[in-house]
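Listed below, chain by chain, are the residues.
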Amino acid sequence: TVLAVDHVGIAVADLDEAIAWYADTFGLVATHEETNEEQGVREAMLSAPGDAGAAVQLLAPLRPDSAIGKFLDRNGPGIQQMAYRVADIEATSAALRDKGMRLLYDEPRRGTAGSRINFVHPKDAGGVLVELVEQAATDTH
Ligand code: V0V
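In this report, we go over the structure that sits alongside the text. (Residues numbered from 1 in each chain as written. Predicted model: local features only at pLDDT ≥ 70, side-chain atom pairs only at ≥ 80, totals over all residues. Heavy atoms only, no water.)

## Describing the nonpolar core
Item 1. Residues Ile10, Val12, Leu15, Ala18, Ile19, Tyr22, Leu28, Ala44, Leu46, Leu58 and Ala60 constitute the largest nonpolar core, which totals eleven residues.
Item 2. At the level of secondary structure, the elements contributing two or more residues to this core comprise α1 (15–26), β3 (41–47) and β4 (55–61).
Item 3. Among residues more than four places away in sequence, those in contact with tyrosine 22 are Ile10, Gly27, Leu28, Leu46 and Leu58.
Item 4. With seven residues, the next largest nonpolar core counts Val86, Leu96, Leu103 and Val120 among its residues. (Core = buried A, V, L, I, M, F, W, Y, C linked by side-chain atoms within 4.5 Å. Buried < 20%, exposed > 50% of the residue type's maximum accessible area, 1.4 Å probe, protein only. Helix = DSSP H or I, 4+ residues; strand = E, 2+ residues; numbered from the N terminus. Contact = heavy atoms within 4.5 Å.)

So, in structure tokens, the structure goes:
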């Protein structure tokens with residue numbers, strides 16, 4: 001079951017420039033920043049001050065052959081993913097597989113702030129790369 005829209009992910013070329021642009025333009029503040037080697041990204045979570053709702057995740061590539069590097073090459077900067085928060089990522093993944101959807105990983109991998117993540121292939125999800133996120137038990141974002 002989906003609990004909430006967790007975040008919308010936006011591919012950017014330069015993370016620090018993008019953080020500054022979102023702060024200047026929309027007043028969004030970075031609440032978390034992390035490098036994820038396995039995913040090939042440097043990423044930041046942004047929110048409106050005091051808002052505990054869905055976040056904006058800025059994603060910058062660590063290398064050209066990463067998912068974000070390829071996305072930027074093909075599309076330029078823009079929305080790359082839509083992430084749903086789920087209570088039990090194994091159960092949700094199994095339910096989606098039963099519906100015939102391709103999950104990108106056999107097992108969940110590590111996402112932001114100790115979360116566990118998997119993705120539904122965009123061709124099985126209406127052209128949207130859907131990320132499933134199960135938050136770490138202690139994370140209160
Ligand atoms: C590719 N396609 C997309 C897409 N990326 N459509 C919508 N949204 C996207 N982001 C389309 C592409 O245009 C092709 O369409 C088609 O999918 C098949 O592409 P492909 O050649 O099979 O695959 P690639 O090489 O384009 O890779 C796409 C996938 C890749 C989704 C497989 O990006 C991937 O593995 N993503 C999962 C990991 C990820 O995105 N990591 C970065 C975020 P046509 O042209 O055939 O019609 S890390 C993160 O979110 C973290 C850490 C976190 O949240 O905590």
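Next comes the rest of the account.
## Topic: the site of the ligand
Item 1. Around the ligand lies a shell of 24 residues, among which Gln39, Gln81, Thr112, Lys123 and Glu131 are the nearest.
Item 2. Glutamine 39 is positioned such that a nitrogen or oxygen atom in its side chain is 2.8 Å from a nitrogen atom of the ligand.
Item 3. One of the backbone nitrogen or oxygen atoms of threonine 112 is found 2.8 Å away from an oxygen atom of the ligand.
Item 4. Look at the ligand: alone it shows 1,000 Å² of surface, and the protein chains cover 70% of it.
Item 5. Sorting the residues of the shell around the ligand by element identifies β4, α2 (67–75), β5 (78–86) and β7 (116–120) as the ones contributing at least two each.
Item 6. Here the residues of the shell around the ligand are counted per class, giving ten nonpolar, ten polar and four charged. (Near = heavy atom within 4 Å. Polar contact = N/O pair within 3.5 Å; in protein donor to acceptor, adjacent residues only side chain to side chain. Areas by Shrake-Rupley, 256 points an atom, 1.4 Å probe, with all protein chains shown as cover. Nonpolar A, V, L, I, M, F, W, Y, C, P; charged D, E, K, R; others polar.)

## Comments concerning the pairing of β7
Strand residues, when the strand is regular, have side chains that alternate between the two faces of the sheet.
Item 1. Counting buried positions over the five residues of β7 gives four, a clear majority of the element.
Item 2. Judged from the two bridges that link them, strand β6 (residues 109–110) and β7 form a sheet pairing that is antiparallel. Within the sheet, the bridge partner assigned to arginine 109 lies in β7 and is isoleucine 117.
Item 3. The turn joining β6 and β7, which pair antiparallel and follow one another in sequence, is formed by five residues; a positive phi near 55° is taken by alanine 113.
Item 4. As judged from the five bridges shared by β7 and strand β8 (residues 130–134), these two strands associate in the antiparallel manner. Residue phenylalanine 119 lies in a different strand from β8, and its bridge partner there is glutamate 131. (Pairing = 2+ DSSP bridges.)

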